[in-house]
Amino acid sequence: MDQRKGRRLVLFPLPLQGHISPMLQLANILHSQGFTITIIHTSFNSPNPSSHPHLTFHFIQENLSASEASTDDLVAFVSLLNTKCLVPFRDCLAKLLADVEEEPIACLISDAMLPFTQAVADSLKLPRIVLRTGGASSFVVFAAFPLLKERGYFPIQDSKGQEPVVELPPLKIKDLPVINTRDPETLYEIVNGMVDGAKVSSGIIWNTFEDLEESALATLRQQFSIPIFPIGPFHICIPASPSSLLTQDQSCIAWLDKQAPKSVIYVSFGSIAAVSEAEFLEIAWGLANCKLPFLWVVRPGLTRGSDCLEPLPSGFMEMVDGRGHLVKWAPQQEVLAHPAVGAFWTHNGWNSTLESICEGIPMICMPCFTDQKVNARYVSDVWKVGLQLENGLKREEIEKTIRRVMVEKQGEEIRSRIFRLKEKANHSWKQGRSSFESINSLVTHILSLETFTFHTQ
Ligand code: UDX
């Protein structure tokens, strides 16, 4: 065994859209800092290597059966990945480490939700840095799960949803980041595994910035004895990187070009969230009744148990008469940057939340599960850059909330607050500012890590 320094990094994302995109963005950021990047990826949801010619890809065979390769129960899916990837991932990483033709590997960077990679990295004497693709504020809540469990918050009782979580203001009990699953105990195991795995890693990278989550980052610095690097928002400091798993329908840009400035509500609930048929109809009627133009992403799988547009009332599109445009998947960053867009009705996945902030677009929040609930509370009550649909998904409530954001004075105030936040986000990557400084510290940290390369002579 011999010690050599290398500028080669191995990255391993969780194979879901909201995790692959930030990992590939991070890959590009680190590549621009002079690192050579190797991505290990599952065969499930594999990105197209030809879209990233400057990165090297290795695909592992995790052998998920057709029924296992499903995100219907996200907890079961993530748990299974942590088991099934172990052997093929370890073999692949060991092979890469043993390759003397290649530059030595400085460290592994893997998604926080793949904590099994810590033991693999330890066994190969390779440092592991964690990428947490979600926000710092929600991570503080995940880190508090054992305490919250001990104090009886879990399982959540719907009747107590409006009560405050006194340990974590301004959260209400309904904002705690849980998700429906067949096996709630596995959820706690995954969350605790993610937090504990991060604690013993060589550092955590965050897709966030100091001005947005200063208090949560300070809490994490107190609780964790490892370095943390808030270097976000990732997507503003690198040219757009094609990481979409679905084909983005560009027709919506031509449609947006024909709309008045700030007149359109963009509606998208990310890559996994699903609604019932009844909720889908309330969304449709809420949009129809508000009488404002809308661009709505109706992704395959958005409505549980039915095909894309099947549940729409007959004659719906004729009724909205050119005022509504539906696509299966949009070029979201381009949409949010379009001058015609006036608000984003979102599920508050962390990427969508950051993308909205970076474009200064007020949000209408409809969180569905896990970190989305915390993100939405911060959007509405801490940063005050959006409104939540707090009283259920009813068409009257939807119409009222859209109008408050789009045409009323409250909307103007929200717009000016998010505009200030947008400026701070963009500043964070300027020389001397927090994310810029943090990436410099990260590079220094990576190069200072003690690594061992195995090779025979
Ligand atoms: C998931 C979880 O739901 C979320 O809670 C967690 O924070 C990240 O992982 P997802 O549901 O996909 O993410 O939402 P989000 O984090 O917002 O990521 C979606 C990504 O897909 C965004 O980068 C967005 O720009 C992109 N997107 C979305 C498109 O390119 N087109 C679309 O039509 C919709």
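Residues numbered from 1 in each chain as written. Predicted model: local features only at pLDDT ≥ 70, side-chain atom pairs only at ≥ 80, totals over all residues. Heavy atoms only, no water.

Quick look at the overall build of the protein
Here is step 1 of the chain: Secondary structure assignment for the protein yields 17 helices and 13 strands.
Here is step 2 of the chain: Since a compact globule built from 457 residues should have a radius of gyration of about 23 Å, the 22 Å found for the protein is in line with a globular shape.
Here is step 3 of the chain: Sorting the 457 residues of the protein into buried and exposed places 57% on the buried side.
Here is step 4 of the chain: Of the contacts formed within the protein by residues at least 6 apart in sequence, a portion of 72% connects residues at least 24 apart.
Here is step 5 of the chain: Total accessible area on the protein is roughly 18700 Å²; 50% of this is exposed by carbon and sulfur atoms.
Here is step 6 of the chain: Taken as two groups, the 41 positive and 49 negative side-chain charges of the protein have centres that lie 4 Å from each other. (Helix = DSSP H or I, 4+ residues; strand = E, 2+ residues; numbered from the N terminus. Rg over C-alpha atoms; globule rule 2.2 N^0.38 Å. Buried < 20%, exposed > 50% of the residue type's maximum accessible area, 1.4 Å probe, protein only. Contact = heavy atoms within 4.5 Å. Areas by Shrake-Rupley, 256 points an atom, 1.4 Å probe, with all protein chains shown as cover. Lys, Arg positive; Asp, Glu negative; His and termini not counted. Charge placed at Lys NZ, Arg CZ, Asp CG, Glu CD.)

A word on the site of the ligand
Here is step 1 of the chain: The local shell around the ligand holds 21 residues, among which Ser271, Ala330, Ser352, Glu355 and Asp371 are the closest.
Here is step 2 of the chain: A distance of 3.4 Å separates an oxygen atom of the ligand from a polar side-chain atom of Gln332.
Here is step 3 of the chain: Gln372 is positioned such that a nitrogen or oxygen atom in its side chain is 2.7 Å from an oxygen atom of the ligand.
Here is step 4 of the chain: Relative to its unbound accessible area of 660 Å², the ligand is 95% covered by the protein chains. (Near = heavy atom within 4 Å. Polar contact = N/O pair within 3.5 Å; in protein donor to acceptor, adjacent residues only side chain to side chain.)

Quick notes on a negative patch on the surface
Here is step 1 of the chain: A contiguous patch of negative charge on the surface is contributed by Asp99, Glu101, Glu102 and Glu103.
Here is step 2 of the chain: Note on placement: Asp99 falls in the loop between α3 (86-98) and β4 (105-111).
Here is step 3 of the chain: Asp99 sits in the partly exposed class, given a relative accessible area of 32%. (Patch = residues over 30% accessible without salt bridge, like charges linked within 9 Å, V, L, I, M, F, W, Y side chains within 5 Å. Salt bridge = Lys/Arg side-chain N within 4 Å of Asp/Glu carboxyl O.)

Concerning the sheet that holds strand β3 (residues 56-60)
Here is step 1 of the chain: Taking strand neighbours across the sheet as the criterion, the seven strands line up as β3-β2-β1-β4-β5-β6-β7 in an open arrangement whose pairing is parallel. Edge positions in the sheet fall to β3 and β7 (228-230), since each of these pairs with one other strand and no more. Taking the axes of each pair of neighbouring strands and ignoring which way they run, one obtains an average angle of 20° across the sheet.
Here is step 2 of the chain: Relative to strand β5 (residues 128-132), β4 is paired through four bridges, and the arrangement is parallel. (Pairing = 2+ DSSP bridges. Axes fitted to C-alpha atoms, helices over the stretch in contact; angles between N-to-C directions.)

Details of the domain arrangement of the protein
Here is step 1 of the chain: Here the protein is partitioned into domain 1 (8-237 + 429-448) and domain 2 (251-425).
Here is step 2 of the chain: The straight-line distance from the C-alpha centre of domain 1 to that of domain 2 is 27 Å.
Here is step 3 of the chain: The partner domain 2 presents 25 residues to the 35 residues of domain 1 that form the contact.
Here is step 4 of the chain: Taking both sides of the interface into account, the surface hidden between domain 1 and domain 2 amounts to around 2500 Å²; carbon and sulfur atoms contribute 64%.
Here is step 5 of the chain: In terms of surface lost to domain 2, no three residues of domain 1 exceed Pro170, Leu212 and His235, which account for 21% of the buried area on that side. (Domains from an automatic or database assignment. Buried area = accessible area lost by both parts, 1.4 Å probe.)

Focus on the environment of Cys237
Here is step 1 of the chain: If you trace the backbone, Cys237 turns up in the loop between β7 and α9 (251-257).
Here is step 2 of the chain: Cys237 sits in the partly exposed class, given a relative accessible area of 27%.
Here is step 3 of the chain: Between the alpha carbons of Cys237 and Cys290 there is a distance of 36 Å; along the sequence they are 53 residues apart.

Side note on unusual backbone geometry
Here is step 1 of the chain: Put simply, Phe154 and Pro155 share a cis peptide bond, and its omega is -10°.
Here is step 2 of the chain: Residue position: Pro155 is located in the loop between α6 (145-150) and α7 (184-199).
Here is step 3 of the chain: Along the chain, Gly232 connects to Pro233 via a cis peptide bond; the corresponding omega equals -10°.
Here is step 4 of the chain: With respect to the element layout, Pro233 can be found in the loop between β7 and α9.
Here is step 5 of the chain: Positive phi, normally seen in glycine, also occurs at Lys262, with a value near 55°.

Focus: the pattern of salt bridges
Here is step 1 of the chain: Counted according to the given criterion, the structure contains eleven salt bridges.
Here is step 2 of the chain: Residues Arg377 and Asp175 are paired through a salt bridge, measuring 2.6 Å at the closest nitrogen-oxygen approach. Separated by 202 residues along the polypeptide, Arg377 in helix α14 (residues 371-382) and Asp175 in the loop between α6 and α7 bring together distant segments of the chain.
Here is step 3 of the chain: The class for Arg377 is buried, based on a relative accessible area of 0%.
Here is step 4 of the chain: A relative accessible area of 3% means that Asp175 is categorised as buried.
Here is step 5 of the chain: When salt bridges with common partners are traced through the structure, they connect Lys174, Asp175, Arg377, Asp381 and Glu390 into a single cluster.

A closer look at the sheet that holds strand β8 (residues 264-268)
Here is step 1 of the chain: Here six strands make up an open sheet; going across it, the order is β10-β9-β8-β11-β12-β13 and the pairing parallel. The sheet is open, and its two borders are formed by β10 (324-327) and β13 (386-388), each paired with just one other strand. Strand-to-strand twist in this sheet, taken as the mean axis angle between neighbours without regard to direction, amounts to 15°.
Here is step 2 of the chain: Bridge analysis of strand β12 (residues 363-365) against β13 gives three bridges, and the strand direction is parallel. The partner of Ile364 across the bridge, within β13, is Leu387.
Here is step 3 of the chain: The sheet contacts of α14 involve β12 and β13, and relative to β13 the element is tilted by about 120°.

Comments concerning the side chain of Arg132
Here is step 1 of the chain: Here Arg132 is to be found in strand β5.
Here is step 2 of the chain: In this structure, Arg132 is buried with no salt-bridge partner, the nearest side chain bearing the opposite charge being Asp371 at 4.4 Å.

What to know about the pairing of β5
Here is step 1 of the chain: Taken across its five residues, β5 has five buried, putting it largely inside the fold.
Here is step 2 of the chain: Covered by surrounding structure in β5 are Arg128, Val130 and Arg132 together with Ile129 and Leu131, the residues of both alternating faces.
Here is step 3 of the chain: In terms of handedness, the path from β4 via helix α4 (residues 116-123) over to β5 forms a crossover that is right-handed.
Here is step 4 of the chain: Two strands pair when backbone bridges link them, and β5 and strand β6 (residues 204-206) are joined in this way by three bridges, in the parallel orientation. The residue of β6 that forms the bridge with Leu131 is Ile205. (Right-handed = clockwise from strand over helix to strand, strands pointing away.)

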